[in-house]
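# Descriptive analysis of the structure
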Amino acid sequence: MSDDLLSVQGVTRRYVLPRRTLLSTPPVLAAVENVGFELSAGQTLGIVGESGSGKSTLARMVMGFERPDTGKILFKGRDIHGLSTGDLRRARRNFQMVFQDPFGSLDPRRRVGWSIAEPLRAMGETDNDNRVGRALEQVGLQASQAGRFPHEFSGGQRQRIAIARAIITRPSLLVADEAVSALDVSVQAQILNLLMDLQDDLGLAMLFISHDLAVVSSICDTLLVMQAGQVLEAGTVNDVLGAPKHDYTRALLAAARVGGVASP
Amino acid sequence: MIALHNLTVRTTGGHVAVRGADLAIQPGQRLGVVGESGSGKTLLALSMIGMVPEGLQVDGQVLVKGETIAADDERAWRRHRARTMAMIFQEPMAALNPLVRVGDTVAEPLRLHLGLDRAAARKRALDLFEETGIPQARRRLGQYPHELSGGQRQRVLIALALACDPDLLIADEPTTALDAQVALRITDLLVRLSQDRQMALMFISHDLAAVSRTTHDIVVMYGGDIVERGQTVRVLSDPAHPYTQGLLAARPSLMHRERRLPTIPGTVPQLFALPPGCRFAGRCARELPQCVGTRPPVVATPTGQAACHLPGAGQT
Amino acid sequence: MNARLPVNILIGAALVAVVMFAALLSAIWTPYPYAGIDVANKFAAPSGAHWLGTDQLGRDLVSQLMAAAGNSMGVAVVAVGIGCSIGTALGLLAAAKGGWIEELIMRLSDLGFAFPALLFAIMLAAAFGPSLSMVVIAIAFINIPTFARVTRAAANQIWRREYVFAARAAGMSTFAISRDHILPNIAAPVIVQATIEFAVAILVEAALSYLGLGAQPPEPSWGRMLAEAQTLMYLAPQLAVWPGLCIVTAVLGFGLLGDGLRDISDPRLARRRPA
């Protein structure tokens, strides 16, 4: 267990909802219920589930934005929710995140180079050897584009910029929350390939969250299927796809199948 | 039943959003329209119901049951809307008035268009709710949109669209906002309704999987052009146009898990940056010199038709 | 989108420009010293020497109005500046911290709102003696809750944006996020509010000076000029008309400018206006 980069142990997160009537006890929603998994360096774990399955709550807890009610999240053996605010901020150089909406995740008033350098500034570093330019080239853009504004880029290019920002501190874990869901199919494949290339080059581990089973299975080694806060199935992608144990997983499979093309 | 001849839609800036589309829908036909953002698929659908947004210029001919209707002939369109064709949209919450009970939403057009009295309209609304598989239909009639789930809301909108027994139901990305399981049931419902009622269905989506399980025929759009058409199963298993081929290959597949996905280079171009000939020029792997400047002819393919200078089996 | 600027902005900006120009010019030049008494020339009619004539002590009216404009603008700039800075900082803090800090700041703002501004100014004048500095403090104080509210509401919107979430994920501190992302993105509503508060500040300064709680003789002020002219209403009504006109011009100018800026910064409002 000590060689695990990320270890999530029996994590539960519940939300107290507004009471329905004045005297009733407020209902409690278990967003994540007793979830655990391990992720080694360089590996990719996929989490599949619908909206409301708890997968995004899980991502926010791994990123340290939300505190689990019970359970622990260890990053390199350290409980990230046991860190002080300052230590957690400094630890963020090691785990970064890519978001779903390529149009919302970049400040429209800032040049993209400024946004990409943000994690460096957060760590108190300066971009003295043109790391922004190199990060742009790593994601398939040109260093000279750092001076442009987000609206000058297409959705796919913006997602590349968001990825450049996420890798500039050389993290060992990348959390991708629906990172290709908003993209057109032809662009989606480019971004998935880019993530796989970066993973090979930088030895990144990835937590890849999506509602699309086909997307997840194309990029991941192991898979977690979640529904209503609980893990339904876990295992290697081949195991889960080859012998789905749960109706829900079978429905996901059916939804992702293109008739006559890839009928498993 | 409804036919488009050489339909072109231009933006205020003169950019062509749909270029010379020909399309005919037969009674009972289930037709899928596939395309990425900016392909013109939604404008194509809106032009079939006379609802192209103001400011856009529509040229060409729209024939509804043999009658030519001008794009701005609002009175003629109103005669046909709901009766000849009805439409449902991606976001069911946005299409429902939050302050009106869903039963009244469906009953209202029945009284208005069909002249039913209150009781008869309510009875008919209940029938429609049951037909569209809304559980506990009687109770749901009195509920407000926010009390229903996303799938139930979409069913309410389908019931509303069916109110005046249309000959054609146009569904624009009806499953995109829904979870996979719910989406499966909605596409099943659309197929069943189409078969039971002998109603044509135009199913617009970027989701190849959803189109493949819903439709019999398919039209693939790119950059405002219809680039390929044919039987859904055959086109998707043996596409002839390089764009269709690229799109299918780029889609992550559950079976063939290569380490890298084949991609279509570049991005979907903006309307003002479309090449004048083949819209796919510049991204195409089989590009010929004439592709950039000359609009490709529509040619027969083993699986249907394609608009391409060099159709055929791809390397993928 | 119509590229043409709305009419209210153009008119507002023109009026503001006139007042501002007079105010700035008065700092280096007025036709006569504003307090220069020339009893031989009292109640002089407009002429080449005195464009708008002189008052009961023979002081040049144009010079007084210009110097008063300088005072009025000065009070408004300093007071709104202080109120805006403190209020915006508090609003940013409330939005960034949330929880009990936000509650506390907003409840204190409610308290400030409930307190009549004139009453506060009268209390200050009673305690420390009437002067323009007291007017500045009073106006600054009543501006703090206004800006705190506007800022917090706008900042809370921006805090929900994904790029702010991304900045947090990058490890930025709340302070750095407030400075780099929140402030630039809420600048528009704050500037609009400041313009409107400018109009209010000019009016309040005039009112307080009229009541004798602001500018003290011989300091020039439109409000004080009005008060002095009041006793001479039947003898020389023009002495009351000109300062009154100045107040209207300045308040209307900033009001129109603020309204217009709000319209273009919030397209939803602008669209609702008939074309």
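Note that the coordinates shown come from a computational prediction; the quantities given were computed from them, not determined experimentally.

## Section: the overall build of chain B
When helices and strands are tallied, chain B shows 10 helices and 12 strands. C-alpha atoms of chain B, sized along the principal axes, occupy 65 × 45 × 30 Å. Burial statistics for chain B: of 316 residues in total, 53% are counted as buried. Across chain B, the fraction of contacts at a sequence separation of at least 24, relative to all contacts at a separation of at least 6, is 64%. As displayed, chain B offers around 13,400 Å² of accessible surface, 52% of which is attributable to carbon and sulfur atoms. Charge-centre separation for chain B: the mean point of 35 positive side chains lies 3 Å from the mean point of 30 negative side chains.

## Section: the nonpolar core
Formed by 65 residues in total, the largest nonpolar core has its most connected members in M73, I182, I202 and W222 of chain C. Elements represented by at least two residues in this core include exactly α1 (7–28), α2 (61–97), α4 (117–128), α5 (132–159), α6 (162–169), α7 (174–210), α8 (222–230) and α9 (238–265) of chain C. Looking at which element gives the most residues to this core, the answer is α7 of chain C, with 13 residues. When sequence neighbours within four positions are dropped, the list of residues in contact with I182 of chain C reads L92, A155, I158, W159, V164 and I177 of chain C. Ranked by size, the runner-up nonpolar core spans 58 residues in total, among them V132, I168, A189 and C220 of chain A.

## Brief notes about the packing of α2 of chain C against α9 of chain C
All names here are of chain C. In the contact formed by α2 and α9, the axes pass within 11 Å of each other and the chain directions differ by 35°. For the pair α2 and α9, the crossing hand works out as right-handed. Only L239, W242, P243, C246, A250 and F254 of α9 make contact with α2, whose side of the interface consists of L61, L65 and M73. Split by residue class, the contact of α2 with α9 holds 9 nonpolar, no polar and no charged.

## Regarding the pairing of strand β10 (residues 230–236) of chain A
Residue and element names in this part refer to chain A. Direction of pairing for strand β9 (residues 222–227) relative to β10: antiparallel, over a ladder of 6 bridges. Among the inter-strand pairings, T222 is bridged to a residue of β10, identified as T236. Where β9 folds back onto β10 in an antiparallel hairpin, the turn is made up of 2 residues, including A228, whose phi is positive at roughly 50°.

## Re the packing of aromatic side chains
Residues and elements named next belong to chain B. Counted according to the given criterion, the structure contains 9 aromatic pairs over all chains. Taking the centre distance of 5.1 Å and the plane angle of 80° together, the rings of Y222 and F280 count as edge-to-face. Taken together, the positions of Y222 in strand β9 (residues 217–222) and F280 in the loop between α10 (242–250) and β11 (298–301) put the pair 58 residues apart, joining distant regions of the chain. Measuring from centroid to centroid gives 5.3 Å for Y243 and F280, while their planes differ by 70°, and the two rings are edge-to-face. Taken together, the residues Y243 in helix α10 and F280 in the loop between α10 and β11 connect sequence positions 37 residues apart. Each member of the pair, Y243 as well as F280, is classed as buried.

## As for the interface of chain B and chain A
With 33 residues of chain B at the contact, the number on the chain A side is 41 residues. Between the two partners, chain B and chain A, sit 2 salt bridges. Applying the counting rule to chain B against chain A returns 12 residue pairs in polar contact (both at pLDDT 80 or more). Mapped by element, the contributors of at least two residues to the side of chain B that touches chain A are α7 (180–197), α8 (208–214), α9 (232–237) and α10 of chain B.

## A look at the UniProt feature "domain: ABC transporter" (unreviewed entry) in chain B
Within this numbering scheme, the UniProt entry marks residues 2–248 of chain B as carrying the feature "domain: ABC transporter" (unreviewed entry). Annotation note: span residues 2–248 of chain B, helix share 39%, strand share 25%, distance between end C-alpha atoms 29 Å.

## Description of a nonpolar patch on the surface
All names here are of chain C. A contiguous nonpolar surface patch, about 300 Å² in accessible area, is contributed by V77, V78, I82 and I86. Within the fold, V77 resides in helix α2. V77 sits in the partly exposed class, given a relative accessible area of 43%.

## Quick look at the arrangement of the chains
The interface with the highest contact count, out of 2 pairs of chains in contact, is the one between chains A and B. Chain B makes no contact with chain C; the smallest distance between any of their C-alpha atoms is 13 Å.

## Some thoughts on the UniProt feature "domain: ABC transmembrane type-1" (unreviewed entry) in chain C
The UniProt entry lists residues 69–258 of chain C under the feature "domain: ABC transmembrane type-1" (unreviewed entry), expressed in the numbering used here. When the span residues 69–258 of chain C is considered, its composition is 84% helix and 0% strand, and the gap between its end C-alpha atoms is 19 Å.

## Section: the pattern of salt bridges
In this structure the tally under the stated criterion is 32 salt bridges over all chains. Across the salt bridge formed by D69 of chain A and R13 of chain A, the nearest N and O atoms sit 3.3 Å from each other. One end of the pair, D69 of chain A, is in the loop between α1 (55–62) and β4 (70–75); the other, R13 of chain A, is in strand β1 (residues 4–16), with 56 residues separating them in the sequence. Look at R13 of chain A and you get buried, because its relative accessible area is 16%. Here R59 of chain C makes a salt bridge to E228 of chain C, at a shortest N to O gap of 3.4 Å. One end of the pair, R59 of chain C, is in the loop between α1 and α2; the other, E228 of chain C, is in helix α8, and 169 residues separate them in sequence. A residue is classified by how much of its surface remains accessible, and R59 of chain C, at 7% relative accessible area, is buried. On the accessibility criterion, E228 of chain C (26% relative accessible area) is partly exposed.

## A short note on the sheet that holds strand β5 (residues 67–68) of chain B
Pairing is antiparallel across the open sheet formed by 4 strands, whose spatial order is β2-β1-β4-β5 (chain B). In the strand order of this sheet, the two ends are held by β2 (16–25) and β5 of chain B, each with one partner.

## Concerning α4 of chain C
Residues and elements named next belong to chain C. Here α4 is 12 residues long and its end C-alpha atoms lie 16 Å apart, about the 16 Å a rise of 1.5 Å per residue gives. Within the sequence span of α4, burial applies to F120, A121, L124 and A125. All buried residues of α4 fall inside an arc of 135° around its axis, so they share one side. Facing away from the buried side of α4, by more than 90 degrees, are the exposed residues A126 and A127. Looking at the packing, one finds that the buried side of α4 touches α5 and α7.

Cut-offs applied
Residues numbered from 1 in each chain as written. Chains lettered and ligands numbered in written order. Predicted model: local features only at pLDDT ≥ 70, side-chain atom pairs only at ≥ 80, totals over all residues. Heavy atoms only, no water. Helix = DSSP H or I, 4+ residues; strand = E, 2+ residues; numbered from the N terminus. Buried < 20%, exposed > 50% of the residue type's maximum accessible area, 1.4 Å probe, protein only. Contact = heavy atoms within 4.5 Å. Areas by Shrake-Rupley, 256 points an atom, 1.4 Å probe, with all protein chains shown as cover. Lys, Arg positive; Asp, Glu negative; His and termini not counted. Charge placed at Lys NZ, Arg CZ, Asp CG, Glu CD. Core = buried A, V, L, I, M, F, W, Y, C linked by side-chain atoms within 4.5 Å. Axes fitted to C-alpha atoms, helices over the stretch in contact; angles between N-to-C directions. Left-handed = near helix turned anticlockwise from the far one by under 90°. Nonpolar A, V, L, I, M, F, W, Y, C, P; charged D, E, K, R; others polar. Pairing = 2+ DSSP bridges. Phe/Tyr/Trp six-rings, centres within 6.5 Å; stacked < 30°, edge-to-face > 60°. Salt bridge = Lys/Arg side-chain N within 4 Å of Asp/Glu carboxyl O. Polar contact = N/O pair within 3.5 Å; in protein donor to acceptor, adjacent residues only side chain to side chain. UniProt positions renumbered as here; feature names shortened; annotations may be inferred. Patch = residues over 30% accessible without salt bridge, like charges linked within 9 Å, V, L, I, M, F, W, Y side chains within 5 Å. Expected span 1.5 Å × (residues − 1). Arc of directions from axis to C-beta.

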